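# Remarks on the overall topology
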Amino acid sequence: MTPKELQEIRDAVAKLCANYPGEYWRALDRDRRYPTEFVRALTEAGYLSCLIPEAYGGSGLGLTAAAAILEEIQASGANGAGCHAQMYIMGTLLRHGNEAQKRKYLPKIASGELRLQAFGVTEPTAGTDTSSIRTTAVRKGDRYVVNGQKVWTSRAEHSDLMLLLARTTPRDDVAKKTEGMSVFLVDMRAALGHGLAIRPIRTMINHATTEVFFDQLEVPAENLVGEEGKGFRYILDGMNAERILIGAECIGDARWFIDKASRYAQDRQVFGRPIGKNQGVQFPIARAYMAMRAAALMVERAAALYEQGKPAGAEANMAKQLAAEASWQAADMCLQTHGGFGFAEEYDVERKFRETRLYQIAPISTNLVLSYLAEHVLGLPRSY
Ligand SMILES: Cc1cc2nc3c(=O)[nH]c(=O)nc-3n(C[C@H](O)[C@H](O)[C@H](O)COP(=O)(O)OP(=O)(O)OC[C@H]3O[C@@H](n4cnc5c(N)ncnc54)[C@H](O)[C@@H]3O)c2cc1C
C-alpha cells in the first residue's frame, strides 16, 4: 500500500468518525451504552474486515492499514474499543481454522452478519498466568462440554461468536503447563440460556465488559479451532497483532490529547494572555508530542515486521508499552493544561483520560511487557 493510499484510508476514517462527535460518546459513557451505531457504520464501510482476505469477503489489507484505521478512530475522539477485537481475534480463525470454518464464518464476519467481538481468555483466579485457567472442555462424542468462568470478557453482550480458551487436558497430565488448552468458536446466540450466562461488570470506563459463566455448555466438536491441546500457542500467535493495534490506538489517543491541549492553550486567556504563551504550559505539550512521535515509529516498525512475516515479539511489546506510556503522558498533560475544565464532562478530556489508562493493564500489563523484554531479549533469568 502506498503512503497516498494509506492517507486516503485515514481521511475516510476521520470523515466517518466526524459523524460521531463528543456528544455521542459522552451520552454513551453516561449510560454505559454500547456504540452500536458507530460499530455498524465501521462494519458497513468495511473497516473492521480489513484483515480478512478478499477470498473470504474482506479487503485483505495488512496490519499497517488496520493500525492506521484504529489510530484515526482514537485521534478523532472516538473509542474503537467497542470493536477493535474483531480485527485481531479473527486472525486465530484465519491462521488455524480449517477451510470449512473459514468458509462458514469469515464472509459473514466481513459482511457484519456475524459479530466476532468476544475473546474469553482471562479468568478470575488465573489472572495473567493463563496456563492456570480452570475452565474445562471435555469431549463427549461429537461435542465438548464446557464448565467454568471467564472475567473481563468484553463485548460479550454485543457479539454473536466468542473465541474461547479452555483446558482440554488437566494441567497435571501435560508435560508443559502451556499444553492441553484448546480454542473454540462458541456460537453465543445458541448458547445463551443453555449453559452460558453473561453478567456485565460496571467499570471506570464504558467498555461493555462482562463475566461469563459456563455450566455444562455443549459446543459441537467441529467448533474446535486447529488441533486439540495447541490453543495456547494459537492465542499467543494473535497477541503480537493485538499489541500493535492497541499501540496504534494509544498513538491516536495521544494525538487527540496533544491537539486538544494545544488548541486550549491558544484560546484560554489568563493574566491577559493565552496560557500557551507560558513555557510551563508549552513544554509538557512539546514533551508529549516527542513521546508520541517516538512511540509511533515503534508501532510502525512492529507493524511492518509483522506484515513481512518476520519475528515481531519484541517490537510488538515495545510498541504497545511505549505508546501506552505516551498516551498516558499526553492525557495527564492535557488534563493539567485544561485546569479545572479538564474535569468537566463536556470537554471530553476526563473521559479520554479514563479510557486511555486501560492500556497499561490490558491486554497485557506493564510488568509483563518488561519481563518479556528482560527474559527474551536481554537474556535475564525468568522471574516467574
Ligand atoms: C476493561 C478491561 C477489558 C478487558 N477485556 C478482556 C477481554 O476481552 N478478554 C480477556 O480475556 N481479557 C480481558 N481483560 C483482562 C486483561 O487482559 C487483564 O486484566 C490483564 O491481562 C491483567 O490481568 P489481571 O487483571 O488478572 O492482573 P493480575 O495477573 O492479577 O496482575 C495484577 C498486577 O500484578 C502484576 N503482576 C502479576 N504477575 C506478575 C509478575 N510475575 N511479575 C511482575 N508483576 C506481576 C501485573 O502486572 C498487574 O499489575 C480486560 C481487562 C479490563 C480491565
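In case you missed it, the structure is sitting above this.
Described in the following lines is the structure provided in the data block. (Residues numbered from 1 in each chain as written. Predicted model: local features only at pLDDT ≥ 70, side-chain atom pairs only at ≥ 80, totals over all residues. Heavy atoms only, no water.)

### Comments concerning the nonpolar core
Heads up, the condition is: To form a nonpolar core, buried Ala, Val, Leu, Ile, Met, Phe, Trp, Tyr and Cys residues must be joined to one another through side-chain atoms within 4.5 Å. A simple rule labels every residue: compare its accessible area, found with a 1.4 Å probe on the protein chains alone, to the largest value its type can have, and call it buried under 20%, exposed over 50%, or partly exposed in between. Strands are runs of DSSP state E lasting at least two residues, helices are runs of H or I lasting at least four, and both sets are numbered from the N terminus onward. Residues are treated as being in contact if the distance between any of their heavy atoms lies within 4.5 Å.
Counting 95 residues, the largest nonpolar core has F38, I73, M87 and I109 as the members making the most contacts within it. Here this core gets 18 residues from one element, more than from any other, and that element is helix α8 (residues 231-267). Ignoring anything within four residues of it in the chain, the contact list for I73 reads V13, C17, F38, L42, A78, N79 and G80. M162, A166, V186 and A221 belong to the second largest nonpolar core, which has 19 residues in total.

### Notes on the pattern of salt bridges
The criterion, for reference: Any Lys or Arg side-chain nitrogen found within 4 Å of a carboxyl oxygen on Asp or Glu counts as a salt bridge.
Throughout the structure, instances matching the rule amount to 24 salt bridges. Here R199 and E211 are joined by a salt bridge, their closest N and O atoms 3.4 Å apart. With a gap of 12 residues between them, R199 in strand β6 (residues 196-200) and E211 in strand β7 (residues 210-220) connect regions that are remote in the sequence. A residue is classified by how much of its surface remains accessible, and R199, at 48% relative accessible area, is partly exposed. Given a relative accessible area of 18%, E211 falls into the buried group. A cluster of three or more residues bridged by salt bridges with shared partners is formed by R10, E71, E72 and R255.

### As for the packing of helix α1 (residues 3-17) against helix α4 (residues 63-75)
Pairs of packed helices are described in terms of their axes, by the angle between the two and the distance that separates them. For clarity, the cut-off: Axis definition: a line fit to C-alpha positions, over the contact stretch in the case of helices; interaxial angles, taken between N-to-C directions, run 0 to 180 degrees. Crossings are classed by handedness, with left-handed meaning an anticlockwise turn of the near helix from the far one by less than a right angle and right-handed meaning a clockwise turn. Following the grouping adopted for this structure description, the nonpolar residues are Ala, Val, Leu, Ile, Met, Phe, Trp, Tyr, Cys and Pro, the charged ones are Asp, Glu, Lys and Arg, and the polar ones are all others, Gly among them.
Close contact between α1 and α4 brings their axes to 9 Å; oriented N to C, the two are set at 30 degrees. Where α1 crosses over α4, the handedness of that crossing is right-handed. On α4, the residues touching L6, I9, R10, V13, A14 and C17 of α1 are T64, A65, A68, I69, E71, E72 and I73. Its residues placed into classes, the contact of α1 with α4 shows nine nonpolar, one polar and three charged.

### Notes on the site of the ligand
Basically, it comes down to this: Definition of nearness: a residue and a molecule or strand are near each other if at least one heavy atom of the residue lies within 4 Å of the molecule or strand. Throughout this description, a polar contact denotes any pair of N or O atoms lying within 3.5 Å of each other; where both atoms belong to protein, one of them has to be capable of donating a hydrogen while the other can accept it, and for residues adjacent in sequence the pair is counted only when both atoms sit in side chains. Only the protein chains shown count as cover for residues, with accessible areas throughout obtained via the Shrake-Rupley method and a probe of 1.4 Å. Lining residues are those with an atom within 4 Å of a point, where the points come from a 1 Å grid over the protein atoms alone and group into cavities, where a 1.4 Å probe fits but cannot get out, or pockets, open sets with protein on both sides within 12 Å along at least five of seven lines. Whether a molecule lies in a cavity or pocket depends on its atoms, and more than half of them have to be within 2 Å of the grid points.
Taken together, 17 residues surround the ligand, and among them F119, T122, T128, W152 and S365 come closest. Backbone polar atom of V121 to an oxygen atom of the ligand: 3.1 Å apart, as the coordinates give it. For the ligand, an oxygen atom lies 2.5 Å from a polar atom in the side chain of T128. The fraction of the free accessible surface of the ligand (970 Å²) that becomes covered by protein chains is 67%. Most atoms of the ligand, that is more than half of them, are within 2 Å of grid points of the largest pocket.

### Side note on the environment of L368
Its location among the elements puts L368 in helix α12 (residues 366-377). A C-alpha to C-alpha distance of 9.4 Å links L368 and N317, two positions 51 residues apart in sequence. For L368, the residues in contact, after removing those within four places along its chain, are T128 and Y384.

### Topic: unusual backbone geometry
Negative phi characterises most residues that are not glycine, and trans characterises most peptide bonds. Residue A362 is joined to P363 through a cis peptide bond whose omega torsion reads 0 degrees. The residue P363 is located in the loop between α11 (349-357) and α12 in this model. For Q216, which is not a glycine, the phi torsion comes out positive at approximately 55 degrees. Along the polypeptide, Q216 turns up in strand β7. By relative accessible area, Q216 is classed as partly exposed at 49%.

### Side note on the side chain of H338
Checked against the element boundaries, H338 lands in the loop between α10 (313-337) and α11. Contacts of H338, omitting those with residues within four sequence positions, involve K260, A261, Y264, Y347 and V349.

### Focus on empty space enclosed by the protein
Note the threshold: Grid points are joined across faces, edges and corners, and a volume is the space filled by probe spheres set on the points.
Taken as a whole and judged by the stated rule, the model has two cavities of 30 Å³ or more. Considering only enclosed or pocket space, the largest cavity measures out at about 110 Å³ in volume. What lines the largest cavity is a set of 13 residues, and nearest its centre among them are W25, P35, N79, N206 and H207. Of all the secondary structure elements, the ones that give two or more residues to the lining of the largest cavity are α2 (22-31) and α11. The class makeup of the residues in the lining of the largest cavity is five nonpolar, four polar and four charged. Of the voids in this model, the second largest cavity is the one considered here, and its volume is about 40 Å³. Surrounding the second largest cavity, Y88, I89, T92, F119, I235, G238, M239 and E242 form its lining. Secondary structure elements with two or more residues in the lining of the second largest cavity: α5 (84-96) and α8. Looking at the lining of the second largest cavity element by element, the count peaks at four residues for α8. Broken down by class, the residue content of the lining of the second largest cavity amounts to five nonpolar, two polar and one charged.

Any functional reading would require information that these geometric values do not contain.
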